[in-house]
Amino acid sequence: MKRATTSGRRLAIAIVLLFVAQFGMAQATPSKTDVERRVDSILSQMTLEEKIEIVGGINDFYTRPIPRLGIPSLRMSDGPMGVHDYGLTTAYPAGIALAASWDVDLAERFGTAMGKDARARGVHFILGPGMNTYRAPMNGRNFEYFGEDPFLASRMAVSVIRGIQGQRVIATAKHFAGNNSEFARMTLSSDIDERTLREIYLPAFEASVKEAKVGAVMDAYNLVNGTYMTQNNHVNNEILKQEWGFDGILMSDWGATHDGIAAANGGLDLEMPAPSFMNRDALLPVLNQGTMPVAILDDKVRRILRKAIEFGFFDQPQTDTDIPSYSQEGRQVALEMARGSMVLLKNSGNLLPLDETKLKTIAVIGPDAYPAVIGGGGSAETKPFNAVSYLEGLSNRLGVKARVLYAVDVPPLDEVFESSEFVTAPNGESGLKGEYFSNEELKGAPALVRTDKHVHFDWGEGSFASGEPVDHFSIRWAGYFVPKESGDYKFFTSADDGVRLYIGDEIAIDDWQPHSQTLDTAARHLEAGKAYKIRLEYFESVGSAIVGFGVTRAEAFIGRETKPLAAKADAVIICVGFDPKTEGEGFDRTFQLPGGQDELIRQISSVNKNVIVVLTAGGNLDMTRWIENVPAILHAWY
C-alpha cells in the first residue's frame, strides 16, 4: 500500500510537472527562429489563391481564415478610447487628455487595461493608438491624438502600445501618415518636405516601431505628396519597412485602398474591411504573368502569419473568461486619467478650488453639463456601461451640504427640428415640398414628391420609400420660413451625408461631401412677417441616412429661468464645448464654440462674477468673446 501510494504520488507529480511544462511552453513567447520556421511551413502549403484571400478582410472587423491550414480569423476592434465593437465597455478619456497628463506610467496602465478589455472580448487587434500631429485645432479627430509635440506623442504612443501588447493583443499605430484634416480626407494631399516629415509627422510612428515593436500600422485615407498612403512606396516601403525594420502588418484604413496593384507594390499588406481591390481579379493576372513577383505577395502573407504566431493566436484562445468585461481596474484607470488630464487655463483671484464649507448653492449649466459627453464622434465613439456627467459628479461630491441647481440652455436638436414651422408658399400649406431622387445628383425626374411637415428623418441603412435605393439618393426640400418676430435666428442642419442650405438665393450652409452625422449652423437677422425662401438639398452616399433641419431664435439659447438661477448661486459652472455631433470623424469642427454657447457665457457672467467655464473639446477654441469676463477656465477635454 505504501509503495503504491508513493508510486501514485510520483506519477501525479510527473503529470503535474508535464502539464506545467507544456503550459509554460504554450505561454512562452516563441523565438524568432521558431516563428519563421513555422511561417515557412504554413506558407509552403498555401495555394496562390489562398495567399491572395488572406490579404483582404472579411465581415468588417475580421481577417479571412484558411480552415484547411488551421489559420484562424482574427478579430479587430475600433479604438483608441475603448474596445467597443462588441457591446458595452469601459470608456477611457481621449488621447489628448492622456497626453495632457504627461504621465507615461499611466499611459502604459491605460494600454494594459484596454488590452485586458480586448482579451475579455476575444479581440486580437485594437485599432489604436492614434498619434497624428495637431496642425490646426479644427481637425475633427484631434481628440483621439496626442497633441502637437512629436516627442510627447512618441512617449505616449510607446507606453500605450507596450501596455496593449503586454496582454497579447496587437496594437495598431494610426493614421500613417500626415492625416491632419478630416475635411476632404479622402482626396486631400499633405504635401510635406522630407525634413518636416521626419521631424514632425513621423517620430511617434518611428518610436512605435523601433521602441514598442508595434504589431500593426494603419495607412491613412489621405495622400502624401500626391500619392495615396495605401500605395506610397517611399513612406511605406522605404521608410517604414526597410529603414525602420517594421516586421508587422500594414493595413488600410476602412475603404482607403484605391488600386490593388499599386497598393500591393506600395507596401500595403492587408486591405480592410474587404478585398475590394487587392483581390484575385486584380492580382492573379500580374502574378501569373510575372509582372508582379510572387515574393511581394509572400511577404504580405508572411507578416500576417508572423504576428498571429508571435502573439499566440494559433495556439491559445484569445478570449480570457477570467477577465471581467465590467472592469473595476479599467474604471480606476479611466478615473485617474480624467483627473490627471484636466488643465487649469485661468484662475483669477484664486477662485479655484472652491471652498466647500462656504458653498450653499452652486449652479451647473450648459449643453455639456448633462448627460455626460465622453468623446467625439466616429469610430472612436465608445458606448460605456455608465458615465458620470459634471452635474452628477458635483452633486454626488457635495451631497446634502449644498444645493446643486441645473438648467438646460441649448434646446435639443430633435426639439428644434420638430418645432420648426415652414410653409410651401408664402400663404401655402404647412411644411416643405420634398423631391426625392434615386441618385446623388438631384438629377432627372424625382422618384417621389410629397410635402414634409418637418425635416427630421433617420432611415438608418434603409431608404426614403419602399423599393427605392438604400444608398446613393438625394432630396430637395423647398418652401418658406416666415418669422413671427424680428431678430437673430439660427438655422441648424444635422446630416449624414452632405447638405446645402439656401436662404433666398444665398448659400448659408455648404457641406456637400460624404461624412458621418455632422451639425452645421448658420445665423441670420430676419424681419417679422417676411417670407424667406428656403431650399435644402441633401444627398446620401453609403451607410446611414440621417437628415434634420430646423430654425430657432438665437436668444432661445438662454432660457428664461437660467439667468435668475445663476444670479443667486454662490458659483456657476458653465459646461460648454463639443459633442459627437459637432466634433468627430469625417468633418472638421469650428474654431468657435457651437451656436449660442459664447452668448450663454457672456450673459451668465454678467449676473454672477464667480463663473468657472469647463471646456469639453479635443483642442483649443476661440475664447475671445468672453475670456476677460470669467475668472476661471478649466479644459477637461473628453
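Calculation rules
Residues numbered from 1 in each chain as written. Predicted model: local features only at pLDDT ≥ 70, side-chain atom pairs only at ≥ 80, totals over all residues. Heavy atoms only, no water. Pairing = 2+ DSSP bridges. Helix = DSSP H or I, 4+ residues; strand = E, 2+ residues; numbered from the N terminus. Axes fitted to C-alpha atoms, helices over the stretch in contact; angles between N-to-C directions. Contact = heavy atoms within 4.5 Å. Buried < 20%, exposed > 50% of the residue type's maximum accessible area, 1.4 Å probe, protein only. Salt bridge = Lys/Arg side-chain N within 4 Å of Asp/Glu carboxyl O. Phe/Tyr/Trp six-rings, centres within 6.5 Å; stacked < 30°, edge-to-face > 60°. Lys NZ or Arg CZ within 6 Å of the ring centre and 35° of its normal. pLDDT = per-residue confidence, 0-100.

Asker: Can you help me understand the sheet that holds strand β3 (residues 76-78) in this one?
Answerer: Whenever strands of a sheet pair, they do so through backbone hydrogen bonds, lying parallel or antiparallel. Sheet architecture is open: five strands sit in the order β3-β4-β5-β7-β10, paired in parallel fashion. Two strands close off the open sheet at either side, each with one partner strand: β3 and β10 (249-252). Across the sheet, the mean angle from the axis of one strand to that of its neighbour is 25 degrees, orientation sign disregarded. Pairing between β3 and strand β4 (residues 125-127): three bridges, direction parallel. Note that in β4 the partner of D78 across the bridge is L127. On the sheet, helix α6 (residues 150-165) packs against β4 and β5 (170-176) and is oriented at approximately 145 degrees with respect to β5.

Asker: Help me out: how do you make sense of the pairing of strand β14 (residues 432-437) in this one?
Answerer: Where a strand is regular, its side chains alternate between the two sheet faces. A large share of β14 lies buried, amounting to five of its six residues. Inspection of the sheet shows β14 paired to strand β15 (residues 448-452) by five bridges, in the antiparallel sense. For G434, the partnering residue across the bridge sits in β15 and is R450. Pairing geometry for β14 and strand β17 (residues 473-481), over five bridges, is antiparallel.

Asker: Help me out: how do you make sense of the pattern of salt bridges in this one?
Answerer: On inspection of all chains with the given rule, the structure shows 37 salt bridges. R141 is the partner of E144 in a salt bridge, and the nearest nitrogen-oxygen pair spans 2.6 Å. For the pair shown, E144 and R141 are each scored as buried. Linked through salt bridges whose partners overlap, the residues forming this network are R141, E144, E182, R185 and E585.

Asker: Which parts of the structure should I look at to understand the packing of aromatic side chains?
Answerer: What characterises a pair of aromatic rings is the spacing of the ring centres plus the angle enclosed by the ring planes. If you walk through the whole model with that rule in mind, you get 20 aromatic pairs. Here the aromatic rings of Y370 and Y406 are separated by 6.3 Å at their centres, their planes lie at 75 degrees, and the arrangement is edge-to-face. Of this pair, Y370 sits in the loop between β12 (361-365) and α14 (390-398) while Y406 sits in strand β13 (residues 403-407), and the two are 36 residues apart along the sequence. Judged by relative accessible area, Y370 falls into the partly exposed class, the value being 40%. Using a relative accessible area of 29% as the deciding quantity, one classes Y406 as partly exposed. Through pairs of rings, three or more aromatic residues link up here, namely Y436, F457, W459, F464, F473 and W477. Here the basic side chain of R75 rests over the ring of Y86, its NZ or CZ set 4.5 Å away from the ring centre. The residue whose ring lies beneath R535 is Y502, and the NZ or CZ to ring-centre distance is 3.9 Å.

Asker: How should helix α17 (residues 597-605) be read in this particular structure?
Answerer: In an α-helix, one turn spans 3.6 residues, which is why side chains three or four residues apart end up on the same side. Counting buried positions along α17 yields seven of nine residues, so the element is predominantly enclosed. Q597, D598, L600, I601, Q603, I604 and S605 are the residues of α17 that are buried. The elements touched by buried residues of α17 are β12, α16 (562-567), β24 (571-577) and β25 (611-616).

Asker: Can you walk me through the confidence of the model for the chain in this structure?
Answerer: Fine structural detail should not be taken from predicted coordinates in areas where pLDDT scores are low. When pLDDT is averaged along the chain, the result is 92, and 94% of the positions lie at 70 or above. Between residues 1-5, whose pLDDT stays under 50, and residues either more than four places distant or in other chains, the model counts zero contacts. A low-confidence stretch, residues 11-26 stays under pLDDT 50, and its non-local contacts, those more than four residues away or across chains, total one contact.

Asker: What is the right way to read the sheet that holds strand β19 (residues 498-503) from this model?
Answerer: Spatially, the six strands line up as an open sheet ordered β15-β14-β17-β22-β19-β20, and their pairing is antiparallel. The sheet is open, and its two edges are formed by β15 and β20 (506-511), each paired on a single side. Mean inter-strand twist for the sheet, computed between neighbouring axes without regard to direction, equals 15 degrees.

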